[in-house]
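Structural overview
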Amino acid sequence: MDEIPVKVAVRIRPLLSKEILHNHQVCVRPVPNTQQIIIGKDRVFTFDHVFGKSSTQDDVYSSCIKPLLVSLIEGYNATVFAYGQTGSGKTYTIGGGHGAEEEKGIIPRAIQELFQAISENHNIDFTVKVSYIEVYKEDLRDLLELETNVKDIHIREDEKGNTVIVGAKECQVESADEVMSLLEAGSAVRHTSTTQMNERSSRSHAIFTMSILQQRDANNGATMISSKFHFVDLAGSERVTKTGNTGERFKESIQINSGLLALGNVISALADPKRKSAHVPYRDAKITRILKDSLGGNANTVMITCISPSTSDFDESLNSLKYSNRAKNIKNKPIVNYNPDWDRIDEMELEIKALREALHNQQSSRVSRTSQVSQDWSQEKNKMQALEEQLAQYQLECFNHRHCTEEALELLYELKDLSGLTKSQKNRLQSWLAVAEELRSDVKAVSGTDSAVSVGREEPHHITILQLKRELKKCQV
Ligand SMILES: Nc1ncnc2c1ncn2[C@@H]1O[C@H](COP(=O)(O)OP(=O)(O)OP(=O)(O)O)[C@@H](O)[C@H]1O
């Protein structure tokens, strides 16, 4: 598997009218007939492509993107990402679908060319799908389906380690016009706002993806090939002091800068010549997770660094050039993606796994609630049982008392009939009989009617339990 370096292009935009008005000077320019750029008096950098202020959209597309589109159709994944300070020309270069024909950026041109190639390749059956998401303050938003909850869009890795975004809408498209309307609709709802540095500043990282599936003639070898082209318009790096951002814009700046810092750390780790097994901090931000395959992975990648020519932006431009200079050392290993069904199955498996996890979490919270209820219920049941036993015990004691009283009474009556008792004995016997009679009527009052007792003579506590159980059932209903 060949290693191919990430290609880095630098584009210098022209001075804007307001900069000309304020008499800004130019501090950076291309060195004629080379791929070099000079900033300040003598800082020179070399890149794969350098585009000066009069470069056209077509120049950038033809040199940087056309080869990627060719490789896309061959089955390789491709990525182009625009990096640079706020207001340096990233969105202009990537192109959100607006503007006159010659002003159209990379995406509209790639769409046009892809459908041109499809119409010329009659023996290949193409299926094209597009998705469009943004990373806004570390949340993923579906720009083609705004109703989708941000929590339902996830970045996952399939078993081969490829990055997949699950949960975002993928629209199957049949024509360039159809893709253009989706691109325009998505770009219109992207987070943008006016800042001191840019009238229409992108406040999010946007990722427009075209996925193509090709079914080729079986005689030509592989039957199915799939590939993806990511077009990434990063939010611009910004100095909070310079932008004067406050409130919500300030919070956005912090998130934007920390995402770009994470990207810088990934680039540094990958570009370090001493790196062999060193950790690459892809997981530090959503944007670096999304770009994992494109930086050090299996895609053909082009980074386009946009810079402002103005002396007032000297520091930012120099930083961008240093950042991009490092990125040149990143090596990717592009591969052709055969049998996309497997990839689709992997994606579906990941989706199922995510759904299973969600279901499991839901179930376990329900189980814990149910187990609390059943715990309470079993405590109540135990209490009832203890009460039942206690009552049965009382009932039994009561029965014994009554039994003793009855026997005592019988004996006393027998004694009463005996002759030869002294008067005082007769008197004592009489008073015992009175006490015993009284006791019997008390016990009767407590233990119920005679009939109940007569049945209960055998097993009085069972009757109580049965009654209690009936009462219990009534309570349970
Ligand atoms: N090569 C160019 N030729 C002419 N105008 C340009 C060029 N590049 C950028 N501009 C103009 O500069 C302004 C800022 O450009 P753009 O919005 O693309 O910057 P950005 O880098 O995307 O900014 P942010 O990060 O704030 O979104 C726009 O008015 C755009 O039309």
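The rules behind each value
Residues numbered from 1 in each chain as written. Predicted model: local features only at pLDDT ≥ 70, side-chain atom pairs only at ≥ 80, totals over all residues. Heavy atoms only, no water. Patch = residues over 30% accessible without salt bridge, like charges linked within 9 Å, V, L, I, M, F, W, Y side chains within 5 Å. Areas by Shrake-Rupley, 256 points an atom, 1.4 Å probe, with all protein chains shown as cover. Salt bridge = Lys/Arg side-chain N within 4 Å of Asp/Glu carboxyl O. Lys, Arg positive; Asp, Glu negative; His and termini not counted. Charge placed at Lys NZ, Arg CZ, Asp CG, Glu CD. Helix = DSSP H or I, 4+ residues; strand = E, 2+ residues; numbered from the N terminus. Near = heavy atom within 4 Å. Polar contact = N/O pair within 3.5 Å; in protein donor to acceptor, adjacent residues only side chain to side chain. Nonpolar A, V, L, I, M, F, W, Y, C, P; charged D, E, K, R; others polar. Buried < 20%, exposed > 50% of the residue type's maximum accessible area, 1.4 Å probe, protein only. Contact = heavy atoms within 4.5 Å. Pairing = 2+ DSSP bridges. Axes fitted to C-alpha atoms, helices over the stretch in contact; angles between N-to-C directions. pLDDT = per-residue confidence, 0-100. 1 Å grid on protein atoms, 1.4 Å probe; cavity = no way out; pocket = protein on both sides within 12 Å on 5 of 7 lines; lining within 4 Å. Points joined across faces, edges and corners; volume = space filled by probe spheres on them.

**A word on a negative patch on the surface**
- A contiguous patch of negative charge, built from Glu407, Glu410, Glu414 and Asp417, is present on the exposed surface.
- Residue placement: aspartate 417 occurs in helix 10 (residues 340-417).

**Points about the site of the ligand**
- The environment of the ligand is formed by 16 residues, the closest being Thr86, Lys90, Thr91, Ser201 and Ser202.
- With respect to the ligand, the backbone of serine 202 contributes an N or O atom lying 2.7 Å from an oxygen atom.
- In the complex, 80% of the free accessible area of the ligand, which totals 630 Å², lies under the protein chains.
- Among the elements that line the shell around the ligand, the one with the most residues is helix 3 (residues 90-94), at three residues.
- Its residues assigned to classes, the shell around the ligand shows three nonpolar, ten polar and three charged.

**What about the side chain of histidine 49?**
- With respect to the helices and strands, the residue histidine 49 is situated in strand 6 (residues 49-51).
- The exposure class assigned to histidine 49 is buried, which follows from its relative accessible area of 17%.
- Ignoring sequence-local partners within four residues, the contact set of histidine 49 consists of Val8, Ala9, Val10, Gln35, Ser63 and Cys64.

**So, the sheet that holds strand 4 (residues 36-39)**
- Pairing in this open sheet of three strands is antiparallel, and the strands run 3-4-5 from one edge to the other. Of all the strands in the sheet, the pair left with one neighbour each is strand 3 (28-31) and strand 5 (43-46). With strand direction ignored, the average angle separating the axes of adjacent strands in the sheet is 25 degrees.
- Running at roughly 35 degrees to strand 5, helix 9 (residues 314-327) makes contact with strand 4 and strand 5 of the sheet.

**Considerations on the confidence of the model for the chain**
- Here the chain shows a mean pLDDT of 84. Residues at 70 or above account for 87%.
- Scored as a complex, the prediction yields pTM 0.72 and ipTM 0.98.

**Thoughts on empty space enclosed by the protein**
- Inspection of the entire model under this criterion finds one cavity of 30 Å³ or more.
- In this structure, the largest cavity spans a volume of roughly 60 Å³.
- If you trace the largest cavity, you find it lined by Val135, Tyr136, Lys137, Glu138, Arg203, Ser204, His205, Gln255, Ile256 and Gly259.
- Class assignment for the residues of the lining of the largest cavity results in three nonpolar, four polar and three charged.

**A word on unusual backbone geometry**
- Residues other than glycine seldom take positive phi values, yet asparagine 23 does so here, at roughly 60 degrees.
- Tracing the backbone through its elements, the reader meets asparagine 23 in the loop between helix 1 (17-21) and strand 3.
- On the basis of relative accessibility, which here comes to 58%, the residue asparagine 23 falls in the exposed class.
- Of note, the phi angle at lysine 137 is positive, near 45 degrees, even though the residue is not glycine.
- Along the chain, the position of lysine 137 falls in the loop between strand 8 (125-136) and strand 9 (139-142).
- Overall, the relative accessible area of 27% leaves lysine 137 in the partly exposed class.

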